[in-house]
Amino acid sequence: LDPTVLRTLPGVTTVTPNRVQQPHRARPSPVVPAPLSEYTNAQHHNTDAANQLRDARNQLVRGTGIGVAILDTGTTVGHRGHFPGGNTNNRTGPGLNGSHVLAVYGASGFGTADVNAHGTHVAGDACANRAPDDGPAPAAGVIGIKVDDNTGSATDSWLITAWQLVAQHKTRHGIQVANNSYTGS
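Criteria and cut-off values
Residues numbered from 1 in each chain as written. Predicted model: local features only at pLDDT ≥ 70, side-chain atom pairs only at ≥ 80, totals over all residues. Heavy atoms only, no water. Helix = DSSP H or I, 4+ residues; strand = E, 2+ residues; numbered from the N terminus. Buried < 20%, exposed > 50% of the residue type's maximum accessible area, 1.4 Å probe, protein only. Contact = heavy atoms within 4.5 Å. Phe/Tyr/Trp six-rings, centres within 6.5 Å; stacked < 30°, edge-to-face > 60°. Salt bridge = Lys/Arg side-chain N within 4 Å of Asp/Glu carboxyl O. Polar contact = N/O pair within 3.5 Å; in protein donor to acceptor, adjacent residues only side chain to side chain. Pairing = 2+ DSSP bridges. Axes fitted to C-alpha atoms, helices over the stretch in contact; angles between N-to-C directions. Expected span 1.5 Å × (residues − 1). Bend = angle between axes of the 7 residues up to and from the residue.

Asks: For the overall build of the protein chain, give the residues involved together with the corresponding values.
Replies: Helix and strand counts for the protein chain stand at 4 helices and 6 strands. Going from N to C terminus, the protein chain has its helices and strands arranged as α-β-α-β-β-α-β-β-α-β. Here the protein chain, with 185 residues, has 42% of them falling under the buried criterion. Sequence separation of at least 24 residues holds for 73% of the intrachain contacts in the protein chain that already meet a minimum separation of 6.

Asks: Lay out the packing of aromatic side chains in plain terms, naming residues and giving numbers.
Replies: Considering all chains together, one arrives at 1 aromatic pair under this definition. Plain terms: the ring middles of F110 and W158 are 5.7 Å apart, the flat faces sit at 70° to each other, and that makes the pair edge-to-face. With F110 in the loop between β3 (101–106) and α3 (118–127) and W158 in helix α4 (residues 156–173), the pair connects residues that are 48 residues apart, well separated along the chain. Taking relative accessible area as the criterion, F110 reaches 39% and is therefore assigned partly exposed.

Asks: Can you tell me about the pattern of salt bridges, naming the residues and giving the values?
Replies: Once their charged atoms are close, side chains differing in charge can pair, the charge on each being opposite to the other. In total, this model carries 3 salt bridges according to the counting rule given. Residue D156 pairs with R19 through a salt bridge whose shortest N-O separation is 2.8 Å. With D156 in helix α4 and R19 in the loop between α1 (3–6) and β1 (20–21), this residue pair connects regions lying 137 residues apart in the sequence. Classification of D156 as buried rests on a relative accessible area of 12%. By relative accessible area, R19 is classed as partly exposed at 40%.

Asks: Please set out the environment of D148 residue by residue, giving values where relevant.
Replies: Mapping D148 onto the fold places it in the loop between β4 (141–146) and β5 (154–155). Of the residues examined, D148 reaches a relative accessible area of 0% and is grouped as buried. Taking the C-alpha atoms as reference points, D148 and W158, separated by 10 residues in sequence, lie 7.8 Å from one another. Of the polar contacts made by the side chain of D148, one reaches the side chain of N116; its length is 3.0 Å.

Asks: Mind laying out the sheet that holds strand β2 (residues 67–72), listing which residues take part and the relevant values?
Replies: Across the sheet, which stays open at both edges, the 4 strands sit in the order β3-β4-β2-β6 with parallel pairing between neighbours. Unpaired on one side and paired on the other, β3 and β6 (175–180) mark the two borders of the sheet. In this sheet, neighbouring strand axes are inclined to one another by 15° on average, regardless of whether the strands run parallel or antiparallel. Examined bridge by bridge, β2 and β6 share 5 bridges and lie parallel to one another. By the bridge assignment for β6, I70 is matched with N179. Across the sheet, α3 touches β2, β4 and β6, and the angle it forms with β2 is around 150°.

Asks: Describe α4, and please don't skip the residues or the numbers.
Replies: Between its first and last C-alpha atoms α4 spans 24 Å; for 18 residues at 1.5 Å apiece the expected length is 26 Å, and the two agree. The largest bend in α4 amounts to roughly 30° and is located at A167. When we look at burial in α4, the residues that qualify are D156, W158, L159, A162, L165, V166, H169 and H173. Contact partners of the buried residues in α4: β1, β2, β3, β4, β5 and β6.

Below you can see the structure in the form of C-alpha cells.
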C-alpha cells in the first residue's frame, strides 16, 4: 500500500520506510565470519562461568527443554557444534538429523542456508554442545531464522516476518529465548 494511504487508516500512528539493517558487531566490519571451526569462544562470552550455574536442586543449568530462536543469517544444521558432544556421528539430539537444531525457517525469501556463517556462530555462542566450548545452554534446542539476503543485510519487513515466526512457533518449539542480531529493530 501507498504510505500516504496507510497514514489515513484508523489506528495507524506511524509509517516508516522499509529500511535495510545490518547485524550488530562490536566494531564496524564487513561480514567476514571466523572459520566455523572457531565458532565458539568460551572466555570471550563468559560461558565457562555460565556453565557452572546451578538450579534450586543443585543441578547444572543446561537449557534442557528450552528453545532458543536465532534471528540472523541462518543456521547450518550440520555444524558439529549442534550435535551432542560436538560429534556429527552422534545423532541422539532432539532436532534435525539428530542435532540440537529443532527447525530452520526463512523470513527473507532467500531460503535458510547460512551463507555468511554469522547465524551459525551466534547459535554456537548460545547453544554449542562441544566441550570445552559449550555455549551457556548446550542442551537447548536451536530455532534458526534466516533474515538476510545472503549479503548480511535484512529489511525491517523481513525482521517483522522473523518475529512473527517466533510467535507462531513459540509453543511448538518451546521458545523461551530469542536473539536478534540486527540493529535498528
